[in-house]
Amino acid sequence: MKQSKMLIPTLREMPSDAQVISHALMVRAGYVRQVSAGIYAYLPLANRTIEKLKVIMRQEFDKIGAVEMLAPALLTADLWRESGRYETYGEDLYKLKNREKSDFILGPTHEETLTTLVRDAVKSYKQLPLNLYQIQSKYRDEKRPRNGLLRTREFIMKDGYSFHQSYEDLDLTYEDYRQAYEAIFKRAGLEFKGIIGDGGAMGGKDSQEFMAITPERTDLNRWLSLDKSIPSIDDIPEHILNDIKNELSSWMISGEDTIVYSSESGYAANLEMASNAYKPSRKVISHEDLLEVETPDCQSIDEVSQFLNIDSHQVIKTLVFIADDQPIVALLVGNDHVNDVKLKNYLGADFLEVASEETAFQIMGAHFGSLGPVNLPENVRIIADRNVEDLANAVAGANKDGYHLKGVNPDRDFKAEYVDIREVKEGEMSPDGQGVLQFARGIEVGHIFKLGTRYSDSMGANILDENGRSVPIIMGCYGVGVSRILSAVIEQHARLFVTKTAKGDYRYSWGINFPKELAPFDVHLITVNSKDENAQDLTEKVEADLMAKGYEVLTDDRNERVGSKFSDSDLIGLPIRVTVGKKASEGIVEVKIKASGDSIEVNAENLIETLEILTAK
Ligand code: ATP
Ligand code: MG
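An unreviewed UniProt entry lists the chain under the name Proline--tRNA ligase, with Streptococcus didelphis given as the organism. Its UniProt record gives the chain the following Catalytic activity (unreviewed entry) comment, quoted word for word: "tRNA(Pro) + L-proline + ATP = L-prolyl-tRNA(Pro) + AMP + diphosphate". In its Subunit (unreviewed entry) section, the UniProt record describing the chain reads: "Homodimer."

This is how it looks when you write it as structure tokens:
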């Protein structure tokens, strides 16, 4: 394909509004353009990559018997009223009206649609299991769309839904998807981890998230791609290397999720779900009487513990939440942080938010800084982290501004439900007792989830079983962030290309080193002098030869300076570059393999064999 006929609007400079490297490079290399906030056009290069990803997915899903279909994106609100999500989904839901003033939405996800379709078509257990998927644009009015394709308001998702008679059967399909996802992300060239994800109220084993790991900025070997003229990083003068390090660290690490994993075992979870090893350790000591003490100007846990001269682990932190309109008090030890996903899941709540100071005052009778669990109104449910149960003679707010209580003892002075609601910290012991917890940053690219009967119950999707009894269909759902993957891949495959000029000056510039399977083309064919007839002829011959062998070729036929052709080529990042240069009249071309940095001159007659050898490595 001729570059002059493609819309590839490369930029000389990095776009000033980009904070993560994938966003900057995607725009600069002419892959995408933002049309309005969080809404992107996939230009020809991005579109080709996305189409390749779709092919990979279709191949892997064919293997597990998943069947492709396409539902509408424009949905009647009634569908979502049935499941209850029209009211609970929140402000991310795009709501609109048709000319008859009926309510519609733009689908942010399709559980309701698929459940209805299957409900209406399937009556007997004999018609199950069914395993359907689609690849489609989804709409979410994200509050803060950001970082290129990582968080957009319109994005491409692969969403799959499976329908079963039994949980055992769901387990089999869930496992099939897990393996298919692993195969897809591997083929896409992603470094990823499958981790325990937020499965809503259903707990850990029923949900897995697939996280593309965001590389640390400090690993120079990973980020730098050295030209052959530079033998190793050690040859780069220190002041240049410092500039390079500054350039690297000027880009934000993109992963929004924190992955918690064990240094020794296979344990890995989203921070939202992670726990640490816990052994109850209630001390047997005599319980002191409650004593109210004045704690003027003490707001934080540290201020209270310093003022009373006690360890911060002896202070109970009291937080007030509203969960589906009900007041909830959450208790933690000292400076531990609450993990609100764990809390929300434990409560099985649709909505959970921290109460405003005013609301907290109405419920507790005191302002922030003096809240505590003792003598609360009957209707307030107390959820305490399990570590709180181990405290004795602790300190907590007295629910009276400027006062705390000493000698607070769980069970005697308040009744709570003890569960794991704290956020784990790096270095704590893994919950399986093997190794310590380590943190990494990641981008969620996929999510598989056992839904159970959440939608079949609310939408009446039942079948008749072997005994003629009506039973709800059991469901699973499986998502891949297709457009987000384009960003994640570039995030992992961006490189700083370092070269040394003939005069000995060092240069470095950003580009992409696209993995083979997702690159928009296989070969970038560049003619140094498009006006030279020999070069023209040779370019056409090489292009025809390559295409005859099934290579996808982007031919830079533009009348541009050679320097800008090469810098565009670095930016676009195709795996192979073939240059028709000075030796065109002798029939010789230069071949460069991006991944290995190998570069050689060959007679055009031998190009195909040479490529086969070089890329077989
Ligand atoms: P996140 O926590 O990132 O908001 P989510 O839990 O809302 O993701 P799902 O509803 O599970 O996401 O959607 C399936 C997949 O779609 C996600 O794994 C992710 O890869 C992708 N995705 C979700 N929201 C967006 C978005 N705003 N822009 C791009 N991709 C998205
Ligand atoms: Mg989301």
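Engineer: How should the site of ligand 1 be read in this particular structure?
Structural biologist: The immediate surroundings of ligand 1 are formed by 14 residues, with Arg140, Glu142, Arg151, Thr152 and Glu444 found nearest. Within the side chain of Arg140, an N or O atom sits 2.9 Å from an oxygen atom of ligand 1. Glu444 is positioned such that a nitrogen or oxygen atom in its side chain is 2.6 Å from an oxygen atom of ligand 1. The fraction of the free accessible surface of ligand 1 (580 Å²) that becomes covered by protein chains is 80%.

Engineer: Would you take a moment to explain the sheet that holds strand β32 (residues 599-603) for this structure?
Structural biologist: Hydrogen bonds along the backbone pair up the strands of a sheet, which may run parallel or antiparallel. The strand order across the open sheet built from 5 strands is β29-β28-β30-β31-β32, with neighbouring strands paired in mixed fashion. Looking at strand neighbours, the two that pair on one side only are β29 (553-556) and β32, the edges of this open sheet. Looking at each pair of strands side by side, their axes are set apart by 25 degrees on average, direction ignored. As paired elements, strand β31 (residues 588-593) and β32 share 5 bridges and run antiparallel to each other.

Engineer: What is the right way to look at helix α10 (residues 340-347) in this model?
Structural biologist: Since the α-helix advances by 3.6 residues per turn, residues separated by three or four positions end up pointing in the same direction. Taken as a whole, α10 has its buried residues at Val341, Lys342, Leu343, Asn345 and Leu347. Against β15 (316-323), β16 (326-333), β17 (352-354) and β18 (381-385) lie the buried residues of α10. For α10, the capping residue at the N-terminal end is Asn339, with a side-chain oxygen 3.1 Å from the backbone nitrogen of Val341. Phi turns positive, to about 65 degrees, at Gly348, one or two residues after α10.

Engineer: Sorry if this is basic, but what is going on with the nonpolar core here?
Structural biologist: Across soluble globular proteins, you tend to see nonpolar side chains buried next to one another. By size, the foremost hydrophobic cluster in this structure holds 74 residues, and its most contacted members are Tyr31 and Phe61. Those residues in contact with Tyr31 that sit more than four places away from it in its chain are Met26, Ala41, Tyr42, Leu43, Leu45, Ala46, Thr49, Ile512, Phe514, Pro520 and Ile572. By size, the runner-up hydrophobic cluster in this structure holds 27 residues, among which are Ile316, Val320, Ile382 and Ala416.

Reading the values: rules and limits
- Residues numbered from 1 in each chain as written.
- Chains lettered and ligands numbered in written order.
- Predicted model: local features only at pLDDT ≥ 70, side-chain atom pairs only at ≥ 80, totals over all residues.
- Heavy atoms only, no water.
- UniProt positions renumbered as here; feature names shortened; annotations may be inferred.
- Near = heavy atom within 4 Å.
- Polar contact = N/O pair within 3.5 Å; in protein donor to acceptor, adjacent residues only side chain to side chain.
- Areas by Shrake-Rupley, 256 points an atom, 1.4 Å probe, with all protein chains shown as cover.
- Pairing = 2+ DSSP bridges.
- Helix = DSSP H or I, 4+ residues; strand = E, 2+ residues; numbered from the N terminus.
- Axes fitted to C-alpha atoms, helices over the stretch in contact; angles between N-to-C directions.
- Buried < 20%, exposed > 50% of the residue type's maximum accessible area, 1.4 Å probe, protein only.
- Contact = heavy atoms within 4.5 Å.
- Core = buried A, V, L, I, M, F, W, Y, C linked by side-chain atoms within 4.5 Å.

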